Amino acid sequence: MAASNDVTGALPPVAVFGAGSWGTALAALAARHGHPTVLWGRDAGTAEAINQGHENERYLPGHTLPDNLTATTDMAEAVRGAGMLLVVVPSHAFAEVVRELAPLRPDGVGVAWATKGFEPGSGRFLHEVAGEVFGPGVPLAVVTGPSFAKEVVAGLPTALTVHSDDDAFAQQVADTLHGPAFRAYTGGDMLGAELGGAMKNVLAVATGVADGMDLGLNARAGLITRGLNEMLRLNHAIGGKAETLMGLAGLGDLALTCTGDLSRNRRLGLALGRGQSIEDAVREIGQVVESIQTADEVMRQAERHGIELPISQAVQSVLHGDITPAEGLQLLMSREQKPEYPHGLFD
Ligand SMILES: NC(=O)C1=CN([C@@H]2O[C@H](COP(=O)(O)OP(=O)(O)OC[C@H]3O[C@@H](n4cnc5c(N)ncnc54)[C@H](OP(=O)(O)O)[C@@H]3O)[C@@H](O)[C@H]2O)C=CC1
Ligand SMILES: O=C(CO)COP(=O)(O)O
């Protein structure tokens, strides 16, 4: 790897792609840990503001970014000398960005991503997209877990997890992110890790809707628990490991996003539950709300595997405007009474 040739003891440079909230926060984290870090974004104004004023005013206003973090709109410049590439664009832009990145990737340098979601339209997992674009032999890793960008850039304690088929690369990515206020764990289940990160966004809409309708704390806890059950069942069907979903990539992120008002997906649900239109809510949030596309892809996966996911399905129908939040509630509450686990944990 590029880093191993360094005999000066200097930490390897990191290139981060996507200058929104999460890309900027992760770039700031790597830079604070001593890695010279380049943040690539498509907006020249944002890049200039970061280079001149050390701030991403649009996405993380009020936070001073480290001096060893620079920004560029030139992808070739960003990858030059990098020991690790980290993609943090929204899922709808993931395939486009990794395709542009592939011919520029220095030999031996691995690619991680912190994007949550599927490839819209095909429903492919992002590790499938990355595997196809970069080809065999390129180390790939998923960075996921309960982590609001605003809290990470503020230096608040955070724990997340890095999953890869390549143990050494998972360790490299985790070492880059791990620090005094940030615990990075590792694992080997990209499938489960990606499913958890994607599904929790859909379930956060459900608890948001319930809270927006003032349905109470019992309803929220019920939705989180039955939501976790939906995650576990689909995960089991696609071949992910249950432990991944019981950890930071599943339960951890579900708890955060379903209860924390910093979540854009939860805020979308809150707005819908209060009777606001989806268009107005998305405009007010002003940042990516992954659940809108992810709900369709989760249901596509569920249909492919013949699995019922009533909460996710209700969210999808509300997001499409096919039913109102009140009708969604009625659908969930009128389902047949049954044992909590009719055939064990996964059925
Ligand atoms: N924010 C968070 O706390 C966390 C976010 N994530 C995940 O990270 C991913 C990115 O989210 P986040 O940073 O929050 O989103 P934001 O909405 O904050 O920022 C999105 C960024 O992506 C850029 N972008 C959009 N489309 C393209 C494109 N086609 N090519 C290049 N750049 C593009 C935007 O550029 P422009 O400004 O020019 O539109 C913007 O810089 C999502 O999958 C999200 O789920 C995961 C964990 C935490
Ligand atoms: O993924 C996140 C926290 O882990 C951020 O959630 P939102 O995209 O809902 O803001």
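Residues numbered from 1 in each chain as written. Chains lettered and ligands numbered in written order. Predicted model: local features only at pLDDT ≥ 70, side-chain atom pairs only at ≥ 80, totals over all residues.

Let's talk about the sheet that holds strand β5 (residues 111–113)
The sheet built from 8 strands is open, its strands ordered β3-β2-β1-β4-β5-β6-β7-β8 with mixed pairing. The open sheet terminates on both sides in strands that have one partner only, identified here as β3 (69–72) and β8 (182–187). When the angles between neighbouring strand axes are averaged without regard to direction, this sheet yields 25 degrees. Of the pairings in the sheet, the one linking strand β1 (residues 14–17) to strand β4 (residues 84–87) comprises 4 bridges and is parallel in character. In the sheet register, Ala-15 faces β4, and the bridge partner there is Leu-85. Its contacts with the sheet put helix α2 (residues 44–53) on β2 (37–40) and β3, and the angle it makes with β3 is roughly 155 degrees. On top of the sheet, helix α4 (residues 91–101) reaches β1, β4 and β5; it is set at about 155 degrees to β4, its chief contact. (Pairing = 2+ DSSP bridges. Helix = DSSP H or I, 4+ residues; strand = E, 2+ residues; numbered from the N terminus. Axes fitted to C-alpha atoms, helices over the stretch in contact; angles between N-to-C directions. Contact = placed C-beta atoms within 7 Å.)

Examining the domain arrangement of the chain
Split into domains, the chain comes out as domain 1 (2–188) and domain 2 (198–333). Taking only C-alpha atoms, the centre of domain 1 and the centre of domain 2 are 26 Å apart. Across the boundary between the two partners, domain 1 contributes 20 residues, which contact 20 residues of domain 2. In terms of residue count, strand β7 (residues 158–163) provides more of the side of domain 1 that touches domain 2 than any other element does, 3 residues in total. Within the side of domain 1 that touches domain 2, the residues separate by chemical class into 8 nonpolar, 10 polar and 2 charged. (Domains from an automatic or database assignment. Nonpolar A, V, L, I, M, F, W, Y, C, P; charged D, E, K, R; others polar.)

Regarding the UniProt feature "active site" (unreviewed entry) in the chain
In the UniProt entry, the feature "active site" (unreviewed entry) is given for Lys-200. In this fold, Lys-200 is placed in helix α8 (residues 190–212). (UniProt positions renumbered as here; feature names shortened; annotations may be inferred.)

Considerations on the site of ligand 2
In the vicinity of ligand 2, 13 residues are found, and the nearest of them are Ser-147, Asp-253, Ser-263, Arg-264 and Asn-265. When contributions to the shell around ligand 2 are tallied by element, the ones reaching two or more residues are α8, α11 (248–259) and α12 (264–273). Top contributing element to the shell around ligand 2 by residue count: α11, with 3 residues. Broken down by class, the residue content of the shell around ligand 2 amounts to 4 nonpolar, 5 polar and 4 charged. (Near = placed C-beta within 6 Å.)

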